[in-house]
Amino acid sequence: MPTNRVSVNLSAVEQQEVMTAIATIRQKLSFLIPMSPEERRATVRLGDRNRAFTRKALEIAAQNPEFLPRSFDLEEMRHDLELFEALQPMLLALTQLQELIDDTAVAAGGEAYSAALEVYRYAKANGTVAGLDNLVEAMGQRFTQQSGRGRSSSTTSS
């Protein structure tokens, strides 16, 4: 059996506590908005290079408001930039957390599936002795239902 990188029992109580913490974060950030893929593509981005430009523009506008049209909302620009900057550490922390959760889920799923393949190989090799023919055949249906996908050698070897 391959190396087991993750071996944890996450209780139902712990799962609920995490989900409650996530709900609390969502509640604290109740102003978050969804964007469609089209909206995301059409929105200009404030990346690292554009951040300094935007700060400088805000500084110039604050010091020289007379050249801006009356309809320009300088305070809204300031609020948007402040919100953007306040969200950045949260975004980084949540991105790192999401990557860790995703990596752990991939590892745990891969370990479980690898173990299942090993059980299948052993059962297939010893099934007639142990009376497991019907169960092995039922498990083997998983591989015959892979329409259009190639089989890997680990799934078809005995």
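The rules behind each value
- Residues numbered from 1 in each chain as written.
- Predicted model: local features only at pLDDT ≥ 70, side-chain atom pairs only at ≥ 80, totals over all residues.
- Heavy atoms only, no water.
- Helix = DSSP H or I, 4+ residues; strand = E, 2+ residues; numbered from the N terminus.
- Buried < 20%, exposed > 50% of the residue type's maximum accessible area, 1.4 Å probe, protein only.
- Contact = heavy atoms within 4.5 Å.
- Areas by Shrake-Rupley, 256 points an atom, 1.4 Å probe, with all protein chains shown as cover.
- pLDDT = per-residue confidence, 0-100.
- Expected span 1.5 Å × (residues − 1).
- Arc of directions from axis to C-beta.
- Salt bridge = Lys/Arg side-chain N within 4 Å of Asp/Glu carboxyl O.
- Core = buried A, V, L, I, M, F, W, Y, C linked by side-chain atoms within 4.5 Å.

With that settled, consider the overall build of the chain. Of regular secondary structure, the chain possesses six helices and zero strands. Counting from the amino terminus, the chain carries its helices and strands in the arrangement α-α-α-α-α-α. Taken over 158 residues, the chain has a buried fraction of 11%. The long-range share in the chain, meaning contacts at least 24 apart out of those at least 6 apart in sequence, stands at 58%. When the accessible surface of the chain is split by element, carbon and sulfur atoms take 58% of a total near 13,000 Å².

Here we come to the confidence of the model for the chain. Chain-level pLDDT for the chain is 88 on average; 87% of the residues reach the 70-or-more range. Element-level mean pLDDT values for the chain span from 46 in helix H6 (residues 153-156) up to 97 in helix H1 (residues 12-28). Note that pLDDT drops below 50 for residues 151-158; the model gives that stretch 14 contacts with residues more than four away or on any other chain.

It is worth spelling out helix H3 (residues 48-63) at this point. For H3, which comprises 16 residues, the first-to-last C-alpha distance of 23 Å matches the rise-based estimate of 22 Å (1.5 Å per residue) to within 8%. Buried within H3 are the following residues: Arg51, Thr54, Leu58 and Ala61. End-on, the buried residues of H3 take up no more than an arc of 95°, which puts them together on one face. Of the exposed residues in H3, the ones pointing more than 90 degrees away from its buried face are Arg49, Phe53 and Gln63.

Per the stated rule, a full pass over the model turns up four salt bridges. Between Arg78 and Glu75 there is a salt bridge, and its shortest N-O distance comes to 3.3 Å. Taken together, the positions of Arg78 and Glu75, both in helix H4 (residues 74-130) and three residues apart, correspond to about one turn of that helix.

The biggest cluster of nonpolar side chains holds five residues, and these are Leu117, Tyr120, Ala123, Val136 and Phe143. Breaking this core down by element, the ones donating at least two residues are H4 and helix H5 (133-144). Ranked by residue count, the leading element in this core is H4, at three residues. Sequence-distant contacts of Val136, defined by excluding residues within four places in its chain, comprise Tyr120, Ala123 and Lys124.

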